[in-house]
Structures are given as structure tokens and as C-alpha cells.
Amino acid sequence: MIEFHLDARSGVSPYLQLVHQVRHALRLGLLDEGDQLPTVKEVVGRLAINPNTVLKAYRELEHEGLVSARPGVGTFVTKTLSDDSLAAHGPLRRELQRWLVKARRAGLDDESIEALFRDTFRTAALEVVA
Amino acid sequence: MTPVLQADRLGKRYGRRWALRDCTLDIPVGRVVALVGPNGAGKTTLLHLAVGLLQPTSGTIEVLGERVVDTPAQLGRVGFVAQETPVYPTLSVADHLRLGAHLNPDWDRRVAEERIQQLQLDPTQRAGSLSGGQRAQLALALAVAKRPRLLLLDEPVASLDPLARREFLQGLMEITSEQEVSVVLSSHLVADLERVCDYLVLVAASRIQLAGEVEELLASHRRLTGPRRDAASLPAGQQVIEASHTDRQSTLLVRTEEPIHDPAWLVEEVSVEDLVLAYMRGATGAGHDPSPVWGAKR
């Protein structure tokens, strides 16, 4: 069983934070096939959030095929997230580290690096859409 | 489905002062509604009109599909917790439950006892010696044990410390996840309610300034930042809620149903708090103008 938390300052909507936390737990192997997610009542009782927020997150996860709801019983994990993406993390991380070293050498501070990343990310996303 | 609360040009006047006017609302079933606005804006007046403690000067109000009349049948379907969560200080917790059982035809003893047990309240303790948080929880337990279809709470967390505030909202959300009950809770601090509500009603200067599903409101408002520009030059679909300018830059909060493509703007999402503050400032004149509404006591 996992426990949710919310970051009020992240700017990410609470329902998405719940979705991300489940996906994250699946990737790290904290959640496995057959595991039960906390009930809606447990989540709202802990986080003091609207029950619809939890329902929406669980519906989204269900839509992605990661969990399934058994009425009157609870919501259960039906799929683990593949290790393929996890395996790719290592090389990508090393590449990013090398890039960061280059960026610092070029005189960029943390804020400029973040701004550059965000800007490039956004432009790239737009190009994919276009 | 019948709305839980429906008002049509509802107004309440005290002497020459309108506490609430031209209030038209249509709140659907199953929502947790945040009724927000500055002190003295008309929130309590609206709640009192909804439970029949006040009679409208003009317009109409219907609760759960019926005109508000204080018949036992209707009062039984609505739970109301007034400001400062009043309890009888000399009566014990158990006395309160007995009283509730006598006064309410559909009293659910199991719900009441479960809540009290969960809160670890001592049934023999006098209500007068409970902490603010415990008193609020007792008042909530009593309101919920009536098995209401609509729960109205007037500033339930305003006087509580942060921990008690959190515990109260946790309890309230547990209740809404278990029972089919719609909730309206008022507060002058939107931050308290941001996580629990899915419907927002903003009252300021005695009028409804904004009402709707939180998700839709957030999706239809954006903050635009860019080179200085006259608000009048925006496309027709973009309604300016608030604008501020420096000699070079303009920052606008706009309402729009269409995506904004103008590359000159940095387009950002807004929070519920941003939205509430912008509409409040709009309603009470310039933000720094100490309009009498802000200073007025309830």
C-alpha cells in the first residue's frame, strides 16, 4: 500500500499529483500487480481533498490500463510499468550530466539552465503537435 | 437532476443597505461548494436565507427543489452549522447526542456515535470545556447524524488552528465520500477550501461575482504577460478581468473559451486564489482602495 502526499506549491493539479505518484511507485516497484490502492475514503481522510479528485485520478489510471476498480472492494494494480524505460534512464541521465557540465562551462547559472530547458521543451512539444 | 440550491434575483435588504442583491445561482447536486468573499460580503446572509432564518426582500430561493420554509421535513434534509459552531456549554457530549436524537426524526445514532468515537471525544465531557477544534467536530457530527442531503457550514474553520482546521476538513471529506450529501461551506480565506471544493461561488460587494465548477473556471482563465498593450485591442472572445501595466509591460487576467495563440504573450494558468483575488478587486474597486465592504462587520 502506498501513501499519497500533495505539494501545494508545485502548480501541478492535485489529481495529476496522485496519478504521478502511482506511476512513480509502479516504476520503482513499490507497487506491483494485484496491490490495492488506498480507498477513496482513506485518501480524502488523510489529505483533506475532495473525493472527486481521487476518483478522477483513479479513472485516469484505469483509462491507462494500470489499475482496475472492483466495485465495493477497491482499486487494484493490473500492470507494472515496463523496465524498458527504466533501463534507458541510466544512459540518458549520463548524457544529461555531460550536457549540464557543458552548460555550466558556458557560464549558465541554474536559473538560465532551467529556463533554457523549459523553453526548448516547450518548442519541441509544439513542433510535435504541428 | 434538481439543483441543491437555486436562487433567482434573490435579495436581502436591511434598512437602506442591501446585504445581498440580484443573486442568481444554480448549484448542482453532489458538489462541495466554496462560498468565498470578504467579511461582510453577504455569505452569511445567503446561508441564512437558505435555511429560512431570514426571509428574502426580493427574488426567490429554493433548496433541494423546494421553496425555503421551516417545516420539520425540510429542516431535516438540511444540516446547518452556524458560525463559531455553537454548542450548549453545560451539556455533555452524550447529552448533545440525546438531544439530537429527540429533535430529529431521521437521526442516525450509529453515524453520530462513530464520529464521536473516531474523534476520541469523552461522552461525559461538557461541551463548554472542549477545544475549538473538538467543538467544531461535535457540531459537524450532530449535523451529519441528521442524514442531511445538504450540509451548510458557515465559516467552520475560521477560528481553528491549522491542525484542527486540517482535521475538520479531513472529517468532512470522509463524510462526503461515504454519504450522498452536497456541501456548501463559507470562508473568507480561499486557501482553506482550495483542495476540498469542486464548485466556487464568490460573493463580494453584496453580489455574486463568479460561480461555477472549479475545473471549468480554471480552464477558462489565463494570465497573460507581454509587451505593453491596450486591453481594448484584445480579440473579442477575451474578456479582461484584471489588468495592470508598467510603461513597458502588461499583465492581464482574461477569461476566454478559446486557446490563446498570440506569440507575444506568455500564457500561464491561474490558481483558484489568483482568480478569487482578481474578481474581488474588480468588485470592490481598485485593489488598494479600502472600500467600506472590506471593513464592514458581519
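Refer to the structure presented above.
Note that this is a predicted model, so its numbers are computed, not measured.

Quick notes on the pairing of strand 13 (residues 249-255) of chain B
All names here are of chain B.
Consideration 1: Examined bridge by bridge, strand 11 (residues 221-227) and strand 13 share seven bridges and lie antiparallel to one another. Across the sheet, the residue bridging to Thr-225 is Thr-251, located in strand 13.
Consideration 2: Both strand 12 (residues 239-245) and strand 13 contribute to a ladder of six bridges, which runs antiparallel. Residue Gln-239 lies in a different strand from strand 13, and its bridge partner there is Arg-255.
Consideration 3: In sequence, strand 12 turns back onto strand 13 through a hairpin of three residues.

Brief notes about the sheet that holds strand 3 (residues 32-36) of chain B
In any sheet, the strands associate via hydrogen bonds between backbone groups, in a parallel or an antiparallel arrangement.
Residue and element names in this part refer to chain B.
Consideration 1: In spatial order, the strands read 6-7-8-3-9-10; together these six strands make up an open sheet with mixed pairing. Two strands in the sheet have a free side with no partner beyond their single neighbour: strand 6 (78-81) and strand 10 (207-213). When the angles between neighbouring strand axes are averaged without regard to direction, this sheet yields 15 degrees.
Consideration 2: As paired strands, strand 9 (residues 199-204) and strand 10 are joined by six bridges and run antiparallel to one another. Directly across from Val-203, in strand 10, lies its bridge partner Ile-208.
Consideration 3: Sheet strands in contact with helix 5 (residues 132-145) are strand 6 and strand 7 (150-153), and its direction is about 155 degrees off that of strand 7.
Consideration 4: Contacts between helix 6 (residues 162-178) and the sheet are confined to strand 3, strand 7 and strand 8 (182-187), with strand 8 contributing the most and set at about 160 degrees to the helix.

Describing the packing of aromatic side chains
Two aromatic rings, taken as a pair, are described by how far apart their centres are and by the angle between their planes.
All names here are of chain A.
Consideration 1: Within this structure, the stated rule accounts for one aromatic pair over all chains.
Consideration 2: The residue whose ring lies beneath Lys-56 is Tyr-15, and the NZ or CZ to ring-centre distance is 4.0 Å.
Consideration 3: Above the plane of the ring of Phe-76 lies Arg-70, whose end atom (NZ or CZ) is 3.9 Å from the centre.

Regarding unusual backbone geometry
Consideration 1: Despite not being glycine, Ala48(A) has its phi angle at roughly 55 degrees, a positive value.
Consideration 2: Note on placement: Ala48(A) falls in the loop between helix 2 (40-47) and helix 3 (51-63).
Consideration 3: Residue classification places Ala48(A) among the buried residues on the basis of a relative accessible area of 3%.
Consideration 4: The backbone of Thr85(B) shows a phi angle near 35 degrees, a positive value even though the residue is not glycine.

Concerning the environment of Thr85(B)
All names here are of chain B.
Consideration 1: In this structure, Thr-85 sits in the loop between strand 6 and helix 3 (93-103).
Consideration 2: For the pair Thr-85 and Val-181, spaced 96 residues apart in the sequence, the C-alpha separation amounts to 20 Å.
Consideration 3: Every residue in contact with Thr-85, bar those within four places of it in the chain, is listed here: Arg-135, Ala-136 and Ala-139.

Quick look at a nonpolar patch on the surface
Consideration 1: A grouping of Leu96(A), Trp99(A) and Leu116(A) is seen on the molecular surface, where their side chains present a nonpolar patch of about 260 Å² in accessible area.
Consideration 2: One can find Leu116(A) in helix 5 (residues 110-129).

Calculation criteria
Residues numbered from 1 in each chain as written. Chains lettered and ligands numbered in written order. Predicted model: local features only at pLDDT ≥ 70, side-chain atom pairs only at ≥ 80, totals over all residues. Heavy atoms only, no water. Pairing = 2+ DSSP bridges. Helix = DSSP H or I, 4+ residues; strand = E, 2+ residues; numbered from the N terminus. Axes fitted to C-alpha atoms, helices over the stretch in contact; angles between N-to-C directions. Contact = heavy atoms within 4.5 Å. Phe/Tyr/Trp six-rings, centres within 6.5 Å; stacked < 30°, edge-to-face > 60°. Lys NZ or Arg CZ within 6 Å of the ring centre and 35° of its normal. Buried < 20%, exposed > 50% of the residue type's maximum accessible area, 1.4 Å probe, protein only. Patch = residues over 30% accessible without salt bridge, like charges linked within 9 Å, V, L, I, M, F, W, Y side chains within 5 Å. Areas by Shrake-Rupley, 256 points an atom, 1.4 Å probe, with all protein chains shown as cover. Salt bridge = Lys/Arg side-chain N within 4 Å of Asp/Glu carboxyl O.

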